[in-house]
Amino acid sequence: MAEHFVQAPQWHWYILFYFFLAGLAGGSYTLATMLRLFGADRDQAIARMGFLIAFPLAVICGILLTVDLGQPFRFWHMLVNTTPGEGGPSFKYWSPISLGSWVLLLYSIFTFVSFLEALRNRTSRASAGVRVFNVIGSILALFIASYTGVVLSVSNQPVWSDTWTLGALFLASALSGSAALLSWFAESRSETNGTKRRLLKADGYFALLELALIVMFFLTLAGAGTLSVALAGPWSIIWILVLGSLMLPIAALFRNRKAYDRATDATMRLGPAGSFALIVIAGIFLMRLAIIFSAQSS
Amino acid sequence: MAEPVGLFTDTSICIGCKACEVACKEWNQLPGNEPQFRDSFDNTGQLDAQNWRHVKFIERMPEENMTVGNGQAWLMMSDICKHCTHASCLEVCPTHAIVRTEFDSVFIQQEACNGCRACIGACPYGAIGFNEDTGTVHKCTMCYDRLQNNMTPACAKVCPTQSIQFGKLADLKDKADARLATLQRQGNSKAQLYGRDDKIYGGLGAFFLLMDKPEVYGLPDKQNAVLPRRNNAGGYLGALLTAAVALFAGAIALRRNGSPAPEETQTVDRSTDG
Ligand code: SF4
C-alpha cells in the first residue's frame, strides 16, 4: 500500500482549464490531420476547422500556464537556466513540465503555420509537404494532449502517482472530446453530414478506449490503496457524470447503422445544436476536475 | 566542495520546546503564519513557507485502564527538509531553481524560482511551501548564509537539549550509531535511525533517531521512499499504446469509404429495406 505524507501543489482552476484545452488543442489537430490523410474531399472543410481552432487553443494554453505561475513574468525560466554561472537552455527530459514547455512552444509554432495554411487553403486537398508537416505536428499534438497526465503522475501525490494511466486517459478523452467538437462543427452543414457520422463513429471508439482506461485507473488505485481518495465525497458523483457522458458515444456505436444514425440524430435534436458534443466535452472536463482536485483535497 | 555537513535530530531527547522553530524564524526573518488554536500542543501544523522547522507532537494518549508505566509517551520530533541525496524536489524542478550546494544541502534559488509548485507535489515530506507574497516556494536552507560563514544553523545552535546536532555528516553518523546502541541496550527495541544510510533517498542530510516506525512520525518507510521520475516510463508508455490504438481506430472510422456519404446511405438503406 502506498503511503503519502506530501502536500498539495495547489494546482487548481488555471491548470484544470489548461489540461482541458490542451486536450482539445491536441485532439483537434490530430483529427484534422487524419481527416486530411484518410478522409474524402468533402471532409476537408472540417479538417480545416480543426487546424483553425488548434492554434488559438494552444495560445490560450500558454497563457493559462503562465498566469498560474507565482511569478508569471519568469515563465521563460522554464526554457532558460538562470542559475548564476550556468546559463544555457533549461531542459530536463525526466521532468514532464520541462519537456512539456519545450514541446508546447514547438507545437504552437506548428499550429500557427497550420492555422495560416488553413486560412489560405479553403477546401482543396493539401500537398504532400503540408501533409508531412501535419503528421509531425500531430505527433506533438498527441504529446500535448497526453503529457499533462504524466505531469501529475511524476510526483508523490496520492492518486496521481499511484497509477500509470493518466497520460493514456487524458489522451483518449482528448480525442473523444475533439471528435465531438468537430462533429458539432459538421452538424451545421448538410454537406458535412458524412464527416459528422465518421467523427461520431471515431468518438465511439475513443470513448470505449477511455472507458477501458478509467477501469484501469480505478484498478491501479485500488491496488495502491488510494481509490477511496479519488472517490471521496463529491468526486464519486462527478465520476458517475463522467461515465454517463461516455455512454452517449458508446451507445451510439453499438447500434446498427440506421439505428446509429437515428440515435445520434435524436441526441442532437434533443437539445440545442451541439448538445451531444457539449455533453461529451463536459465529461472530459469533469474527469480532469475529479482527478486534479480529489488528490489535493485529501 | 566543502565536506558534506548535516543535521542529526535525536527525537528521544526532544522536549517539544520549539526553540528551534523560533530561532529559525528569527534568523531567516520569517514572520510566521497567523496563530491558530489546534486540538494539540502542536500549533504550527506543518512545514510550509513560514515554518522551516516544525516540532511534531505525536499524541498517543494512554487508554484509561492503562497501568502506571505502561502507557505510551508523547513522541516529539523536530521536522525539517531532509536535504535528500536523491531529492524529489530537485528532480522535478523545471527551472533549475533547486540546486545542491557545496555543503551537499538542497537550496531553492529565489531569483530563479517561477512558482510552478511542482516541487511541493513531489517532496515526500511536505517540506516546501508556497508564499503568495513572493510568488515562489520556500523551505529550510540549512542556514546557507550561516554555513558560508562557518556558523552552525540556527536550530542546532539554539536547541537546549542537543536533540538537534550539526556537524560533518560522517561524525554525526558515528554519534547516531552510539546513541542508538545505548537506547537499544536500555531496552528501546523500536528505536531506529532514519535516513542515516542510503536506503532512504540515497541518505538524508538531515537524518533522525526515531523511537518508533517512520510511519508513526509521518515519514515514508523504505518501500515508500520513491522518486517521482519512477512514473515517467509507465506514463509515457501508456500514452504511446493508447495513441497507437486510437490512431488505428480513428483511421478506420474516418477513412474515406469507412462510412458511406449521405447519398450512399440512402442507397444502401433502400436496397436493404427493399
Ligand atoms: S525533504 Fe523534500 S524539500 Fe527537502 S530535499 Fe528532500 S524532497 Fe527536497
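If you're wondering where the values come from, they're calculated on a predicted model, not measured in any experiment.

Details of the overall build of chain A
Part 1: In terms of regular secondary structure, chain A is built from 10 helices and 0 strands.
Part 2: For chain A, the α and β elements follow one another from N to C terminus as α-α-α-α-α-α-α-α-α-α.
Part 3: Viewed in the frame of its principal axes, chain A has a C-alpha envelope of about 60 × 45 × 25 Å.
Part 4: For chain A, the proportion of its 298 residues judged to be buried stands at 61%.
Part 5: For chain A, the accessible surface area stands at approximately 11100 Å², while carbon and sulfur atoms represent 72% of it.
Part 6: Chain A carries 20 positive and 13 negative side-chain charges, and their two centres are separated by 10 Å.

A few points about helix α5 (residues 166-187) of chain A
Part 1: Across its 22 residues, α5 of chain A extends 31 Å between first and last C-alpha, which sits within 8% of the 32 Å expected from 1.5 Å per residue.
Part 2: Judged by how many residues are buried, α5 of chain A sits mostly within the fold: 19 of 22 residues are covered.

Considering the environment of L24 of chain A
Residues and elements named next belong to chain A.
Part 1: With respect to the helices, strands and loops of the structure, L24 is situated in helix α1 (residues 13-38).
Part 2: Assessed through its relative accessible area of 5%, L24 is described here as buried.
Part 3: Each C-alpha atom, one on L24 and one on G177, is 6.6 Å from the other, the two residues being 153 residues apart in sequence.
Part 4: Beyond its immediate sequence surroundings of up to four residues, L24 is in contact with L57, G177, S178 and I284.

Here we look at the interface of chain B and chain A
Part 1: On the side of chain A, 73 residues touch chain B, which itself brings 73 residues to the contact.
Part 2: Note on chain B versus chain A: buried area summed over both sides is about 5700 Å², and carbon and sulfur give 55% of it.
Part 3: In this assembly, chain B and chain A are joined by 1 salt bridge.
Part 4: The closest approach of N and O atoms between R117 of chain B and D68 of chain A, which form a salt bridge, is 3.0 Å.
Part 5: Counting every contact that joins chain B to chain A gives 32 residue pairs in polar contact (both at pLDDT 80 or more).
Part 6: Mapped by element, the contributors of at least two residues to the side of chain B that touches chain A are α2 (88-92), α3 (118-122), α7 (230-254) and α8 (262-273) of chain B.
Part 7: Element by element, the count of residues in the side of chain B that touches chain A is highest for α7 of chain B, at 19 residues.
Part 8: Taken together, the residues of the side of chain B that touches chain A sort by class into 35 nonpolar, 25 polar and 13 charged.

Considerations on the side chain of T195 of chain A
Part 1: For T195 of chain A, the location among the structural elements is in helix α6 (residues 193-224).
Part 2: With sequence-adjacent residues up to four places away left out, T195 of chain A is seen in contact with L35, R42, D43 and I46 of chain A.

What to know about the confidence of the model for chain B
Residue and element names in this part refer to chain B.
Part 1: With 88% of its residues at a pLDDT of at least 70, chain B reaches an overall mean of 90.
Part 2: Contacts of residues 258-274 to residues separated by more than four positions or lying in other chains number 17 contacts, the stretch itself having pLDDT below 50.
Part 3: Scored as a complex, the prediction yields pTM 0.92 and ipTM 0.93.

Side note on unusual backbone geometry
Residues and elements named next belong to chain B.
Part 1: A positive phi is found at N150, a non-glycine position, where the angle reads about 60°.
Part 2: With respect to the element layout, N150 can be found in the loop between α4 (144-148) and α5 (154-158).
Part 3: On the basis of relative accessible area, N150 is assigned to the exposed category, the value being 76%.
Part 4: One non-glycine residue, Q162, lies in positive phi territory at about 60°.
Part 5: Here Q162 shows up in the loop between α5 and β8 (164-168).

Let's talk about the site of the ligand
Part 1: If you check the shell around the ligand, you find 14 residues, and the closest are C81, K82, C84, C89 and C123 of chain B.
Part 2: Of the residues in the shell around the ligand, the class split is 10 nonpolar, 2 polar and 2 charged.

A short note on the packing of aromatic side chains
Residues and elements named next belong to chain A.
Part 1: Within the structure shown, the criterion is met by 26 aromatic pairs over all chains.
Part 2: Ring geometry for F143 against Y147: centres 5.1 Å apart, planes inclined by 5°, an arrangement best described as stacked. Of the two residues, F143 and Y147 are both situated in helix α4 (residues 128-153); the distance of 4 residues between them amounts to about one turn of the helix. Of the two residues examined, F143 and Y147, each falls in the buried class.
Part 3: Here the aromatic rings of F217 and W239 are separated by 5.5 Å at their centres, their planes lie at 35°, and the arrangement is tilted. You can see F217 sitting in helix α6 and its partner W239 sitting in helix α8 (residues 234-253), a full 22 residues away along the chain.
Part 4: Note on F217: relative accessible area 0%, which makes it buried.

Considerations on the layout of surface pockets
All names here are of chain A.
Part 1: Volume-wise, the largest pocket comes out at about 570 Å³.
Part 2: Together, 24 residues line the largest pocket, and G62, L65, T66, S101 and L104 are the ones closest to its centre.
Part 3: Per-element tally for the lining of the largest pocket: the top contributor is helix α2 (residues 44-68), with 7 residues.
Part 4: Residues belonging to the lining of the largest pocket are distributed by class as follows: 18 nonpolar, 5 polar and 1 charged.

Observations regarding the nonpolar core
Part 1: Counting 105 residues, the largest nonpolar core has Y107, L152, F217, W239 and I291 of chain A as the members making the most contacts within it.
Part 2: Split by domain, the residues of this core number at least three in each of domain 1 (5-225) and domain 2 (228-260) of chain B.
Part 3: For Y107 of chain A, the contacting residues outside a window of four places in its chain are A25, G26, Y29, A54, A58, G137, L140, A141 and I144 of chain A.
Part 4: Formed by 65 residues, the second largest nonpolar core is a distinct cluster that contains W52, C81, C140 and L193 of chain B.

Cut-off values and rules
- Each residue is numbered by its place in its chain's sequence as written, counting from 1.
- Just so you know, chain letters begin at A and ligand numbers begin at 1, following the order they were written in.
- Reporting of local features is limited, given that this is a predicted model, to residues whose pLDDT is at least 70; pairs of side-chain atoms are given and counted only at 80 or more, and all residues count toward the totals for whole chains, interfaces and linings.
- Side-chain measures were taken over the full set of non-hydrogen atoms in the model, leaving aside hydrogen atoms and water.
- Strands here are runs of E lasting at least two residues and helices are runs of H or I lasting at least four, both read from the DSSP assignment and numbered beginning at the N terminus.
- Summary of the burial criterion: residues with accessible area below 20% of their type's maximum are buried, those above 50% are exposed, and those between are partly exposed, where the area comes from a 1.4 Å probe applied to protein chains only.
- The Shrake-Rupley method, run with a 1.4 Å probe sphere, supplies the accessible areas, and residue values consider only the shown protein chains as cover.
- Charge counting follows a simple rule: Lys and Arg are positive, Asp and Glu are negative, and His as well as the terminal groups are ignored.
- A charge is said to be at NZ when it belongs to Lys, at CZ for Arg, at CG for Asp and at CD for Glu.
- Helix span, expected: 1.5 Å multiplied by one less than the number of residues in the helix.
- The contact criterion used throughout is that any non-hydrogen atoms of two residues lie within 4.5 Å.
- Buried area: the accessible area, evaluated with a 1.4 Å probe, that two parts lose upon being put together, summed over both parts.
- We count a salt bridge whenever a side-chain nitrogen from Lys or Arg sits within 4 Å of a carboxyl oxygen from Asp or Glu.
- For the purposes of these results, a polar contact is taken to be a pair of N or O atoms within 3.5 Å, where, inside protein, one atom must be able to donate a hydrogen and its partner to accept one; residues adjacent in sequence count only when each atom of the pair is a side-chain atom.
- Gly is put with the polar residues, along with every residue not named as nonpolar or charged; the nonpolar set is Ala, Val, Leu, Ile, Met, Phe, Trp, Tyr, Cys and Pro, and the charged set is Asp, Glu, Lys and Arg.
- Per residue, pLDDT captures the predictor's confidence, and it can take any value from 0 to 100.
- For each residue, the test is whether any non-hydrogen atom lies within 4 Å of the molecule or strand; if one does, the residue is near.
- Centres within 6.5 Å make a pair out of two Phe, Tyr or Trp rings, where for Trp the six-membered ring is used; the pair is then stacked when the planes are under 30 degrees apart, edge-to-face when over 60, and tilted otherwise.
- Buried and open spaces are told apart on a 1 Å grid over the protein atoms alone, a cavity being a set of points where a 1.4 Å probe fits but cannot get out and a pocket being an open set with protein on both sides within 12 Å along at least five of seven lines. Residues with an atom within 4 Å of a point are the lining residues.
- Grid points are joined across faces, edges and corners, and a volume is the space filled by probe spheres set on the points.
- Put simply, a nonpolar core is a bunch of buried Ala, Val, Leu, Ile, Met, Phe, Trp, Tyr and Cys residues held in one set by side-chain atoms that sit within 4.5 Å of each other.
- Segmentation into domains, and thus their bounds, comes from an automatic or database assignment.

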